[in-house]
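Structure assessment
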Amino acid sequence: MATLTEPKSDFSALPEMPADVFTAPLQKPAHLGDDWLEPKQAEYGPDQDAIWDDLFNRQMSVLPGRAATAFMEGTEKLDLGRGGVPDFGRISEELDKLTGWSVVPVPMLIPDHVFFWHLANRRFPAGNFIRTRETFDYIQEPDVFHDVFGHVPMLTDPTYADYMQEYGRAGWKAMKYNRLKALGALYWYTVEFGLIMEGDDVRAYGAGILSGPTEVVFATEAKSPNRIMLNVDRVMRTDYVISDLQPTYFVIESFDDLFRQTVERDFDRLYTNLPPAFTYANSAIIDVDYVVSRGTQEYLLRGGRGSGAEAV
Ligand SMILES: [Fe+2]
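All residue numbers here refer to positions counted from 1 along the written sequence of the relevant chain. The predicted origin of the model limits local features to residues at a pLDDT of at least 70 and limits the giving and counting of side-chain atom pairs to 80 or more, whereas totals for whole chains, interfaces and linings rest on all residues.

1. Digging into the overall build of the protein
To keep things clear, this is the line we draw: The way it works is that DSSP assigns letters per residue, a run of H or I at least four long becomes a helix, a run of E at least two long becomes a strand, and they are numbered from the N terminus. Put simply, the radius of gyration uses C-alpha atoms, and a globule should come to 2.2 Å times the residue count raised to 0.38. To sort residues by burial, count the other C-beta atoms lying within 10 Å of each one's C-beta; a count of 20 or more means buried, 12 or fewer means exposed, and anything in between means partly exposed. C-beta atoms are built from the backbone. What counts as a contact here is a pair of residues whose C-beta atoms, placed from the backbone, lie within 7 Å.
Within the protein, the regular secondary structure consists of 13 helices and seven strands. The globule rule puts the C-alpha radius of gyration for 312 residues at 20 Å, and the 19 Å found for the protein is close to it. In terms of overall dimensions, the protein has C-alpha extents of about 50 × 50 × 35 Å along its principal axes. Buried residues in the protein amount to 40% of all 312 residues. Summarising the internal contacts of the protein: among those between residues at least 6 apart in sequence, 67% fall at separations of at least 24.

Next comes the structure, spelled out in structure tokens:
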């Protein structure tokens, strides 16, 4: 059993990780401190700035009417389309005025406890590199476009910004109970692949959806996926796919709803009752679900990515 102590309420210092708490075996580059932050943001040349611009323009041709209003407004508030990879100092200044967040450069995926610590202090770690033309459509490791274009506009929304901080705080508790997998599912189905109701429409607010051209259409309009109202307990018991379109998306009523469902949750009780493995398959619909639209799962049944199946 893990022995991580209760988090301090100020989260100001990065606590020691006890040896019996599992973390992914990541090798920290020698020039970085325990916070894993790069001393400064990478400098980008004209070719790399052009990659940002092309990615930005491609997304802007599909996002209107499909992305959450808060996201679209966030891209404007931060002027992410001014040309080239944004300067983290400039967007942090803007963000600080709006919600007290900042964006900080990291070289790669960072350990969970360090990631949670930054979020708990309202710092968003963003990749310090951009994809190449060869990997323009899909990269495994999150780059500056995924992190800044996909995640940062939502941090201009005050309630969402608070949710992200609470998520960071909740991370410590998940590690104590060894239930990171469950908390990871919550991140996956909200921060990366979340949908929100806006009137009668569903719109996307998750960065995994918003930073690519295909999934935003699939998630909001296709017949294949299930769309189910978010229930935090249920989501934390649900498996997810990493390298393909999602068979199921979870929908929130509002960011207040998301914040309340998370903050008011008794995570001690939840983690005590959660089994270590997921209970529900990622395409399942269960008795307690409030279903917005039941998917045909045609895309998945035809074989998904690699099979040539259309994302319908
Ligand atoms: Fe992400």
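2. Here we look at the environment of Pro 107
By secondary structure assignment, the location of Pro 107 is in the loop between strand S1 (102-106) and helix H4 (112-120). As for Pro 107 and Gly 184, which are separated by 77 residues in sequence, their C-alpha atoms are 21 Å apart. Beyond its immediate sequence surroundings of up to four residues, Pro 107 is in contact with Pro 29, Glu 38 and Asn 128.

3. Some thoughts on unusual backbone geometry
The backbone phi angle of Asp 79 is positive, close to 50 degrees, even though this residue is not glycine. Turning to its location among the elements, Asp 79 is positioned in the loop between helix H2 (69-77) and helix H3 (88-99). In this structure, Gln 297 takes a positive phi of about 60 degrees despite not being glycine. Relative to the helices and strands, Gln 297 resides in the loop between strand S7 (291-293) and helix H13 (298-301).

4. A short note on the sheet that holds S7
Heads up, the rule is: Only strands that DSSP links by at least two bridges are regarded as paired with each other. Interaxial angles span 0 to 180 degrees and are taken between N-to-C directions of axes, which are lines fitted to C-alpha atoms, for helices over the stretch in contact.
Spatial ordering of the open sheet is given by S4-S3-S6-S5-S7, a layout of five strands whose pairing is mixed. The two strands at the open ends of the sheet, each matched to only one other strand, are strand S4 (201-204) and S7. Neighbouring strand axes in the sheet, compared pairwise and without regard to direction, differ in orientation by 40 degrees on average.

5. Observations concerning the nonpolar core
Nonpolar side chains tend to gather and get buried jointly when the protein is soluble and globular. To keep it simple, the criterion reads: What we call a nonpolar core is a set of buried Ala, Val, Leu, Ile, Met, Phe, Trp, Tyr and Cys residues whose membership is set by joining through C-beta atoms within 7 Å.
Counting residues in hydrophobic clusters, the biggest one holds 80 residues, and the most contacted among them are Leu 155, Ala 204 and Val 251. When residues in this core are grouped by element, the largest group, nine residues, is from helix H6 (residues 158-176). When neighbours within four sequence positions are excluded, Leu 155 is seen to be in contact with Leu 95, Thr 99, Trp 101, Phe 124, Tyr 160, Ala 161 and Met 164.

6. With respect to the pairing of S4
In this structure, strand S3 (residues 195-198) lies alongside S4, joined through four bridges in antiparallel fashion. Residue pairing across strands places Met 197 opposite Val 202, the latter belonging to S4. Hairpin connection between S3 and S4: a loop of two residues separates the two successive antiparallel strands, and Gly 199 in this loop has a positive phi of roughly 65 degrees.

7. Here's the deal with the pairing of strand S5 (residues 226-229)
Two faces, one strand: in a regular strand the side chains alternate between the faces of the sheet. Of the two faces of S5, the one holding Asn 226 and Ile 228 is buried and the one holding Arg 227 and Met 229 is not buried anywhere. As defined by bridge partners, S5 adjoins strand S6 (residues 248-252) across four bridges and the pair is classed as parallel. Following the sheet pairing, Met 229 is matched in S6 by Val 251. Two strands pair when backbone bridges link them, and S5 and S7 are joined in this way by two bridges, in the antiparallel orientation. Looking across to S7, one finds that Arg 227 is bridged to Ser 293.

8. Comments concerning the packing of H6 against helix H11 (residues 255-263)
Angle between the axes and distance between the axes: these two values describe a pair of packed helices. Under the convention used in this document: Should an angle fall under 35 degrees it is called roughly parallel, over 145 degrees roughly antiparallel, and 65 to 115 degrees roughly perpendicular, with every other angle called oblique. With the far helix as reference, a near helix turned anticlockwise by less than a right angle produces a left-handed crossing, and one turned clockwise produces a right-handed crossing. Basically, the charged four are Asp, Glu, Lys and Arg, the nonpolar ten are Ala, Val, Leu, Ile, Met, Phe, Trp, Tyr, Cys and Pro, and anything else, Gly included, counts as polar.
Where H6 meets H11, the closest approach of the two axes is 9 Å, and the angle between their N-to-C directions is 20 degrees. Between H6 and H11, the interaxial angle falls into the category roughly parallel. Judged by the twist between their axes, the crossing of H6 over H11 is left-handed. The segment H6 lies against H11, with Thr 159, Tyr 160, Asp 162, Tyr 163, Glu 166 and Tyr 167 engaging Phe 255, Asp 256, Leu 258, Phe 259, Thr 262 and Val 263. Split into classes, the residues belonging to the contact of H6 with H11 amount to seven nonpolar, two polar and three charged.

9. Focus: helix H7 (residues 180-192)
Of all 13 residues that make up H7, 10 are buried, and the element is covered over most of its length. Those residues of H7 that sit buried are Ala 182, Leu 183, Ala 185, Leu 186, Tyr 187, Trp 188, Tyr 189, Thr 190, Val 191 and Glu 192. Packed against the buried residues of H7 are H6, helix H8 (207-210), helix H10 (232-235), S6 and H11.

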